[in-house]
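Residues per chain are reported as follows:
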Amino acid sequence: VQLQGVGGGEVQVGSSLRLSCAPSGRTFTSHFMGWFRQAPGKEREFVAAISWSVGSTYYADSVKGRFAISRDSAQSTVYLQMNRLKVEDTAVYYCAANAVSDIGTVYEVKYYGFWGQGTQVTVSS
């Protein structure tokens, strides 16, 4: 199973980008899909997650109100709409799949068993 995350790029402060993530290969069951990011020299951090079943969404405080995660269940695709981008949003963004049904796990890297290859988002002033 592979996750294909695409849509990154280099933009200016205040711009928008939309990332998308879809699985390839064999099908698998996951309860949540998440987006994480990792800036140079920093640990990978949670950005947003969504449940496949009811579409419940979860956000890091740093992106709340600017980013929106959504899903297309028919296409098994998850999106991350990023608006009003800031320089501090610069990072490699990873999509990931979490097969654990406990909502307490959505924020933690260790519960995500499948990861995309990462897509670079660079925001310049």
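Residues numbered from 1 in each chain as written. Predicted model: local features only at pLDDT ≥ 70, side-chain atom pairs only at ≥ 80, totals over all residues. Heavy atoms only, no water.

*Asks:* Which parts of the structure should I look at to understand the overall build of the protein?
*Replies:* A tally of helices and strands in the protein yields zero helices and eleven strands. The globule rule puts the C-alpha radius of gyration for 125 residues at 14 Å, and the 13 Å found for the protein is close to it. Referenced to the eigenvectors of the C-alpha coordinate spread, the extents of the protein come out at roughly 40 × 30 × 25 Å. Split into buried and exposed, the 125 residues of the protein put 42% on the buried side. Here the analysis covers contacts within the protein between residues at least 6 apart in sequence; of these, 56% occur between residues at least 24 apart. For the protein, the exposed area adds up to about 6,400 Å²; of that, 47% sits on carbon and sulfur atoms. (Helix = DSSP H or I, 4+ residues; strand = E, 2+ residues; numbered from the N terminus. Rg over C-alpha atoms; globule rule 2.2 N^0.38 Å. Buried < 20%, exposed > 50% of the residue type's maximum accessible area, 1.4 Å probe, protein only. Contact = heavy atoms within 4.5 Å. Areas by Shrake-Rupley, 256 points an atom, 1.4 Å probe, with all protein chains shown as cover.)

*Asks:* Explanation requested: the pairing of strand S9 (residues 91-98) in the structure shown.
*Replies:* Looking along a regular strand, one sees side chains alternate from face to face of the sheet. Of all eight residues that make up S9, seven are buried, and the element is covered over most of its length. The sheet contact formed by strand S4 (residues 32-38) and S9 spans seven bridges and is antiparallel. Looking at S9, one finds that Arg37 is bridged to Tyr93. Where S9 meets strand S11 (residues 119-124), three bridges bridge the pair, whose relative direction is antiparallel. Bridging across to S11, Tyr93 finds its partner in Thr119. (Pairing = 2+ DSSP bridges.)

*Asks:* Help me understand the sheet that holds strand S1 (residues 2-6) in this model?
*Replies:* Consider a sheet: its strands pair through backbone hydrogen bonds, and that pairing is either parallel or antiparallel. If you walk across this open sheet you meet the four strands as S1-S3-S8-S7, and the pairing is antiparallel. The outermost strands of the open sheet, each flanked by one partner alone, are S1 and strand S7 (67-72). Sheet twist, expressed as the mean angle between neighbouring strand axes with direction ignored, is 15°. The pairing of strand S3 (residues 17-24) with strand S8 (residues 77-82) spans five bridges and is antiparallel. Bridged to Ser20 within S8 is Tyr79. (Axes fitted to C-alpha atoms, helices over the stretch in contact; angles between N-to-C directions.)

*Asks:* Before we go on, may I ask you to explain the pairing of S1 in this structure?
*Replies:* Side-chain alternation along S1 places Leu3 and Gly5 on a buried face and Gln2, Gln4 and Val6 on a face that remains uncovered. When S1 meets S3, the two strands line up antiparallel, connected through five bridges. In the sheet register, Leu3 faces S3, and the bridge partner there is Pro23.

*Asks:* Teacher, can you tell me more about the side chain of Ser51 here?
*Replies:* Residue position: Ser51 is located in strand S5 (residues 45-51). Leave out the neighbours within four places in its chain, and Ser51 touches His31, Phe32, Ser56 and Arg71.

*Asks:* What exactly am I supposed to notice about the side chain of Asp89 here?
*Replies:* One can find Asp89 in the loop between S8 and S9. Within polar-contact distance, the side chain of Asp89 engages the side chain of Arg37 at 2.9 Å. Those residues within four positions of Asp89 in sequence are excluded, and the remaining contacts are Arg37, Arg66, Phe67, Arg84, Val121 and Val123. (Polar contact = N/O pair within 3.5 Å; in protein donor to acceptor, adjacent residues only side chain to side chain.)

*Asks:* Hey, could you run me through the nonpolar core in this one?
*Replies:* A general feature of soluble globular proteins is that nonpolar side chains tend to end up buried together. One finds Trp35, Leu80, Met82 and Tyr93 to be the most contacted residues of the largest nonpolar core, which totals 35 residues. Listing elements by their share of this core, those giving two or more residues are S3, S4, S5, strand S6 (57-59), S7, S8, S9 and S11. (Core = buried A, V, L, I, M, F, W, Y, C linked by side-chain atoms within 4.5 Å.)

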